[in-house]
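# Examination of the molecular architecture
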Amino acid sequence: MKPVRFGLIGCGRVARYHAQALMEIEGSELVAVCDIVPERADDFSKRYGGDSYYDHRALLEREDVDVVCIATPSGDHPAIGIDAARAGKHVVVEKPIGLTLKEIDDLIDACKSKNVKLCTVHQNRFNPAIVKLREAVDQGRFGKFSHGSIAVRWNRGQHYYDQAKWRGTWKEDGGVLMNQCIHGIDLLRWMMGEPESLAAFTANHFHDIEAEDVGVAAIKFGSGALGTIEGTSNVYPLNWEETLTIFGERGSASVGGVAVNRIERWEFDDPDYSHSLGDMPDPESVYGSGHSLLLARMAEAIRNDGEPPVTGEDGRAAVEMVLAVYRSQETGSIVRFPLVQESERIAEARGLGGKR
Ligand SMILES: NC(=O)c1ccc[n+]([C@@H]2O[C@H](COP(=O)([O-])OP(=O)(O)OC[C@H]3O[C@@H](n4cnc5c(N)ncnc54)[C@H](O)[C@@H]3O)[C@@H](O)[C@H]2O)c1
């Protein structure tokens, strides 16, 4: 089997999930790592292998790198991804794929024009309970949808935000909806279909950061089904739950646990299907174990010229929903899709005009 050689840009908290995954995936290899903080790149390289770099452009000059994983602060994802695409590398971008639709579109275009693949890391799509839920949706087990909801009720103390200057800023991160809740928003859309409009409120109650630490939204999907988003980092004293619930005319299901990993309720009109549940314990961390499955599928897509497991367009659609929430809070009105105006606060912080 021809090996797929990975480079990793950004050696912080999430990077080890990429490195550990690559150690497990047969036929994949981590050959280069990069961080602008040299000790981090060097320590990471000693621990997980790969030569260390302190500037991503130097890493991208290596001919033997087939694909890069980008795990830097969120606002920088599109610019680094565009550099990678121009260097002819396939691109795996941590969530959120970017913070503005303009920058995300530039990244998608760059990948298309260089004929490289683009994948967004929404690894919770590979949680066994979510795979089962998606199977039920694909098989039409719910019948017509009534409504669906995602609730991300987590705790992040001030010390979490103080770990790095980019956290909680409009320029590089956004708030709990853009950072923590975006996986759940991706899942809600993946199950329920494209949104038509939403109305939302956000607030910052407990943290010394620019962006929100709680947000709620009411959504109308294109199918006519309704939905809600509730996301917060304010839950006392620790992470409580991330739960995705779907109600249809012939089925109801709730996938919860700390990070959408456990089937809590599973009721369908077919009694055999209702009782076909296995034991699905919580993962060791909220990151779950989906990075391995996602990167294995991306390596396969590169080898066989297939579709990335989660596309750039998927990543864009989740960000568009969060930006619509921000826009609704900014204007006090219902926001329709497709979004025509970026979030003013983010666009301003990133030095871009708001209009699409
Ligand atoms: N998929 C998930 O579940 C998941 C979980 C956590 C974080 N993330 C995402 O991963 C990204 C990183 O988050 P984190 O918690 O690891 O952050 P972090 O601050 O711990 O790590 C970021 C690293 O990137 C480095 N860096 C910054 N600019 C760089 C550049 N231009 N080139 C190379 N390195 C650079 C920093 O020095 C730091 O070491 C964020 O976008 C975050 O949203 C995803």
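Residues numbered from 1 in each chain as written. Predicted model: local features only at pLDDT ≥ 70, side-chain atom pairs only at ≥ 80, totals over all residues.

## Thoughts on the overall build of the protein
Each helix and strand counted, the protein has 13 helices and 14 strands in total. For 356 residues, the compact-globule estimate of 2.2 N^0.38 gives 21 Å, and the C-alpha radius of gyration of the protein, at 20 Å, lies within 12% of that figure. Overall, the protein is about 55 × 45 × 40 Å in size when its C-alpha atoms are taken along their principal axes. For the protein, with 356 residues in total, the buried portion stands at 50%. In the protein, once contacts between residues fewer than 6 apart in sequence are set aside, the share between residues at least 24 apart is 66%. (Helix = DSSP H or I, 4+ residues; strand = E, 2+ residues; numbered from the N terminus. Rg over C-alpha atoms; globule rule 2.2 N^0.38 Å. Buried ≥ 20, exposed ≤ 12 C-beta atoms within 10 Å, placed from the backbone. Contact = placed C-beta atoms within 7 Å.)

## So, helix α12 (residues 312–331)
Here α12 is 20 residues long and its end C-alpha atoms lie 28 Å apart, about the 28 Å a rise of 1.5 Å per residue gives. Of all 20 residues making up α12, 14 are buried, and the element is well covered by its neighbours. Gly332 lies just past α12 and shows a positive phi near 70°. (Expected span 1.5 Å × (residues − 1).)

## Examining the pairing of strand β2 (residues 28–34)
The two faces of a sheet get side chains in turn, since along a regular strand they alternate between them. Most of β2 sits out of view: five of its seven residues are buried. Inspection of the sheet shows strand β1 (residues 4–9) paired to β2 by six bridges, in the parallel sense. Within β2, the position partnered with Gly7 by the bridge is Ala32. Here β2 runs beside strand β3 (residues 51–53); their pairing, made up of three bridges, is parallel. Looking at the pairing, Ala32 lines up with Asp51 of β3. Read from β2 through helix α2 (residues 38–48) to β3, the crossover connection turns out right-handed. (Pairing = 2+ DSSP bridges. Right-handed = clockwise from strand over helix to strand, strands pointing away.)

## Quick look at the sheet that holds β1
The strand order β3-β2-β1-β4-β5-β6 describes an open sheet built from six strands, whose pairing is parallel. The open sheet has two free edges, formed respectively by β3 and β6 (118–121), since each of these has just one partner strand. Direction aside, neighbouring strands of the sheet carry axes that sit 25° apart on average. Of the strand pairs in this sheet, strand β4 (residues 67–70) and strand β5 (residues 90–94) are connected by four bridges, and their pairing is parallel. Of the residues in β5, the one forming a bridge with Cys69 is Val92. The strands that helix α4 (residues 77–86) touches are β1, β4 and β5; relative to β5, the one it contacts most, it runs at about 170°. (Axes fitted to C-alpha atoms, helices over the stretch in contact; angles between N-to-C directions.)

## Some remarks on the nonpolar core
Within soluble globular proteins, side chains that are nonpolar generally end up buried alongside one another. Of all hydrophobic cores here, the largest spans 100 residues; its most connected members are Leu8, Val91, Val92 and Val322. In terms of residue count, the dominant contributor to this core is α12 (nine residues). In contact with Val92, not counting residues within four places along its chain, are Val67, Val68, Cys69, Ile70, Cys119, Val121 and Met298. (Core = buried A, V, L, I, M, F, W, Y, C linked by C-beta atoms within 7 Å.)

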